[in-house]
Amino acid sequence: MGPGREPLTPQRCQEIVVESTPDSGRFTAGSDPAKVTLFDLGVVSSTESVIFVRAVKRSLAPWQINDGDLASSPDTTVQQSADSIAQNVF
Amino acid sequence: MSSNYLRFFASLLACAAPPALADSFQLSSTMTLRPGAPQPILQISTSGPAPLDADASRYRDKANWKALWQTDSDAVPTYVDVDSIELDLSTKHLIIHVSGAKLPAGDGRDDYWTAVFVPPAGMAAIPQVFSYAPRKGAGSGGKKVTLLAPVGSSDQPDLLLNGTFLAGGGTKPIYTLHEQASLYAPSNSKWNFHGFAPGFASEVWINQGAQPPNNRTRFDPDSIRAGLSLWRVDPIESGVLYGMTTQVNLIGGEFTRSDPSSNIMSGFLTTLVLRRKRLSESAFATLYPVLGLEGGYNLNHPDELSGTAVDLSHYGGIFRGVLGADSTLGIANSDRTSNVFAITGSYRVRLPATDEPFIRTVHGDTSVDLSTRARHWLEVDITYSPWQWKYLALNAKYTYGSLPPLFSLVDHQVSFGLLLQAKQNNKQALPGQ
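In this report, we go over the structure that sits alongside the text. (Residues numbered from 1 in each chain as written. Chains lettered and ligands numbered in written order. Predicted model: local features only at pLDDT ≥ 70, side-chain atom pairs only at ≥ 80, totals over all residues. Heavy atoms only, no water.)

## With respect to empty space enclosed by the protein
Scanning the model with the defined rule gives three cavities of 30 Å³ or more in all. The calculated volume of the second largest cavity comes to roughly 40 Å³. Lining the second largest cavity are L8, T9, P10, C13, A82, D83 and A86 of chain A together with T32, Q43 and H93 of chain B. Of all elements in the fold, only α1 (10-19) and α3 (78-88) of chain A reach the threshold of two or more residues within the lining of the second largest cavity. Broken down by element, the residue count for the lining of the second largest cavity peaks at three residues, all from α3 of chain A. Residue classes in the lining of the second largest cavity are distributed as five nonpolar, four polar and one charged. (1 Å grid on protein atoms, 1.4 Å probe; cavity = no way out; pocket = protein on both sides within 12 Å on 5 of 7 lines; lining within 4 Å. Points joined across faces, edges and corners; volume = space filled by probe spheres on them. Helix = DSSP H or I, 4+ residues; strand = E, 2+ residues; numbered from the N terminus. Nonpolar A, V, L, I, M, F, W, Y, C, P; charged D, E, K, R; others polar.)

## Looking at the sheet that holds strand β2 (residues 41-47) of chain B
If you trace the seven strands from one edge of the open sheet to the other, you get β1-β2-β5-β4-β3-β6-β7 (chain B), paired in antiparallel fashion. Of all strands in the sheet, those with a lone pairing partner are β1 (26-33) and β7 (128-132) of chain B, marking the two edges. The average undirected angle you get between the axes of adjacent strands in this sheet is 30 degrees. Here β2 of chain B runs beside strand β5 (residues 93-99) of chain B; their pairing, made up of five bridges, is antiparallel. Counterpart to I44 of chain B in the pairing with β5 of chain B is L94 of chain B. In the packing of α3 of chain A onto the sheet, the strands contacted are β1, β2, β5 and β7 of chain B, and the crossing angle to β1 of chain B comes to about 30 degrees. (Pairing = 2+ DSSP bridges. Axes fitted to C-alpha atoms, helices over the stretch in contact; angles between N-to-C directions. Contact = heavy atoms within 4.5 Å.)

## Looking at the environment of E86 of chain B
Residues and elements named next belong to chain B. Tracing the backbone through its elements, the reader meets E86 in strand β4 (residues 78-88). With a relative accessible area of 36%, E86 lands in the partly exposed category. Along the backbone, E86 and A56 are 30 residues apart, and their C-alpha atoms lie at a distance of 9.4 Å. For E86, the contacting residues outside a window of four places in its chain are H93, L94, I95 and H97. At 2.8 Å, the side chain of E86 and the side chain of H97 are in polar contact. (Buried < 20%, exposed > 50% of the residue type's maximum accessible area, 1.4 Å probe, protein only. Polar contact = N/O pair within 3.5 Å; in protein donor to acceptor, adjacent residues only side chain to side chain.)

## Topic: the pattern of salt bridges
When their charged atoms lie close together, side chains carrying opposite charge are able to pair. Counting across every chain of the model gives 15 salt bridges over all chains. A salt bridge links D32 of chain A to K92 of chain B; the shortest N-O distance between them is 2.9 Å. Taken together, the residues span two chains, with D32 of chain A in the loop between α1 and α2 (46-60) and K92 of chain B in the loop between β4 and β5. Residue D32 of chain A is classed as buried on the basis of its relative accessible area, which comes to 18%. One salt bridge in this structure joins D67 of chain A and K57 of chain A, with 2.5 Å as the shortest N-O distance. Taken together, the positions of D67 of chain A in the loop between α2 and α3 and K57 of chain A in helix α2 put the pair ten residues apart, joining distant regions of the chain. In this pair, the class of D67 of chain A matches that of K57 of chain A, namely buried. Each of the salt bridges in this network shares a partner with another, and the network as a whole consists of E254, E294, R320, R350 and E356 of chain B. (Salt bridge = Lys/Arg side-chain N within 4 Å of Asp/Glu carboxyl O.)

## Considering the packing of α1 of chain A against α2 of chain A
All names here are of chain A. With their axes 9 Å apart at the nearest point, α1 and α2 run at an angle of 140 degrees to one another. The angle between α1 and α2 falls in the class oblique. In the packing of α1 onto α2, the handedness of the crossing is right-handed. Residues R12, I16 and V17 of α1 lie in contact with α2, whose contacting residues are F52, V56, S59 and L60. Looking at the contact of α1 with α2 residue by residue, the class counts come to five nonpolar, one polar and one charged. (Parallel < 35°, antiparallel > 145°, perpendicular 65-115°, else oblique. Left-handed = near helix turned anticlockwise from the far one by under 90°.)

## Quick notes on the packing of aromatic side chains
Considering all chains together, one arrives at six aromatic pairs over all chains under this definition. Taking the centre distance of 5.8 Å and the plane angle of 85 degrees together, the rings of F39 of chain A and F284 of chain B count as edge-to-face. Here F284 of chain B lies in strand β15 (residues 283-300) and F39 of chain A lies in the loop between α1 and α2, a pairing that spans two chains. With respect to class, F39 of chain A is no different from F284 of chain B; both count as buried. Seen in terms of ring centroids, Y59 of chain B and F117 of chain B are 4.9 Å apart; in terms of plane orientation they differ by 25 degrees. Their pairing is stacked. (Phe/Tyr/Trp six-rings, centres within 6.5 Å; stacked < 30°, edge-to-face > 60°.)

## Concerning the side chain of K397 of chain B
Residues and elements named next belong to chain B. The topology assignment puts K397 in strand β23 (residues 392-401). Engagement of the side chain of K397 in a polar contact is seen with the side chain of E379, the distance being 2.8 Å. A polar side-chain atom of K397 sits 2.9 Å from a polar atom in the side chain of D381.

## Side note on the nonpolar core
If you look at the biggest cluster of nonpolar residues, it comprises 32 residues, and the most contacted ones within it are F52, L60 and I85 of chain A. Take this core: its biggest share by element is six residues, from α2 of chain A. The contact partners of F52 of chain A, leaving out residues within four places of it in the chain, are V17, S20, T21, L38, V43, L70, A71, S72 and S81 of chain A together with Y242 of chain B. Counting residues in hydrophobic clusters, the runner-up holds 25 residues, among them M31, I44, W65 and V98 of chain B. (Core = buried A, V, L, I, M, F, W, Y, C linked by side-chain atoms within 4.5 Å.)

Given below as C-alpha cells:
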C-alpha cells in the first residue's frame, strides 16, 4: 500500500461510484447495487460517461485507474462499476 | 489438490446441476481483492435478495470454503486458512478473511487467487470456483474495446453520414448529404498533454439549399468545415452543472464549392453538461448549452452569386460569438445500450462582430447582405432504429438557417433518409487529470 492510501472497501468503492453520478440521490439505502444502473443515476450518454470517469478518478486519488478500466457505460450496474475499481486501481 | 483440479471438479458438477433461480441469492463469478488492505481480503459479488437464514449460515461457515494463491497461473498453489466470512448486504458482497504463515505480502493483488465454495449436503446449491488474476500493470489497460460503437442513449455521434433522395416529375433527382466526424486520440496516446486530446473534426453539408425543380443533378458542398482540434473534459459537480467539455479548434477552414469561398478559422466551443433527471424508467431528456468564439480571415469569395454580381470586397477579418444548445428526447431500450427512438435538436446562433455575407434566394432571386446580423441554424432529427444493427437508422430531418462561410439561407427544409452513425469508444479514455 502506498503512502496515504486507505484500503478501498466495497462500501467505499460504491460510495465513489454513486457520488460521481449526476443523479446520486436516486440511490437510497434500500437500492440494489446489482440492479441499479448508471443510466438510472443520470449517466444517459457517453458525454456523462466521460465526466463520470473523471469524477471517479478525482475521488479515488491518490489511487489511480485507467479510464478504459472503469466500467462507465449507461448499462453498467453500480456493483459492476464498483468492482471494476477494486479490480483495476493501482 | 491443485486449483486446476478444483476447477475441473466444480465445472463437472455445475454441468449436471439445474440452473439457479434468477431472483434468488447468487454468488457471481467476479472476485476481487481489497486494494490497500494490510493482508489479502477476498471479495465476491452477489446478486438477488438476502439468503435464507439457513443458507446464510452455510455461506458464512468457513468449513465450506477453500482458498489458495499462486505467484503465477502455473505455479504450485499455496492454501491459506479461511478465518471468517461476512455477508455485506448493502454492497452485495461476500467477504472472505484469510490468514496463515504463507500469505503473500500486502493486499495480495499481484498474485493469482482461487476460492472454492463446496456446499454441505442438503443445501440447494452447487460448488463454485472463483478466480482472481492480477492486472498486467499500471497503464496496461483492461478489456479491449473496439474503436467504434453504436450510438446509445443521448450520445452525440462521433461519425455520422446522413443521406436523402428526392425524385419527382419535372425535376432531376436531388441528393442531400450530411457528414460529421470528430475523432480524438485515446488515453494512452503519447500526443495527449495537459488533459487535452488532439484530434480531427469535420462537418460537410451538400445540397442543403437545393429545391425542386432542379435542371441538373449535382453534388455541390454548401458548407465544409474541417480542422485540427483539441478536446478535454472537466467534471464540475456543482449545482445543476455536472461537467463540461471543451473543443479547441486550432486551425481549420470553412469552404463552399458552389460559389467558391474560403475562410481560415480558429476558435473554441464549450458544452455545459447539466444534471438531468429521467422522465420515466426508459424516457429521458437532455440539454447541453454551448458557447464559444470563432475568429479568422476570409481568403477568397465569389464575384457573383447565381448570376447576380456581388461586392464582397469588405469581407476580411472574421470574429463571431457562438451560442446555442443541443438537446435530446429519447427512449432507451431495455438494456440501456442504445435508443429505440430519439428526437435530437441542435441550435446555434452566430453573432458576427464584423460584416459577413448573408445570402437569401427567394423564387430564383438572390440577395446578398453584408452585415453583422445574427445567423441562426436549427436542426431537428427524429431517428428510429428498429434493427439489431444499431449503426443504421431511419431519419427525418428538419433544418432552418444558414452556415458559414457564405451563410446561404436554408428555408424550412424537411427531408427523410438513412442515417449511418457511430460513436468513438475510446474517446471516454481521455488522459488523466
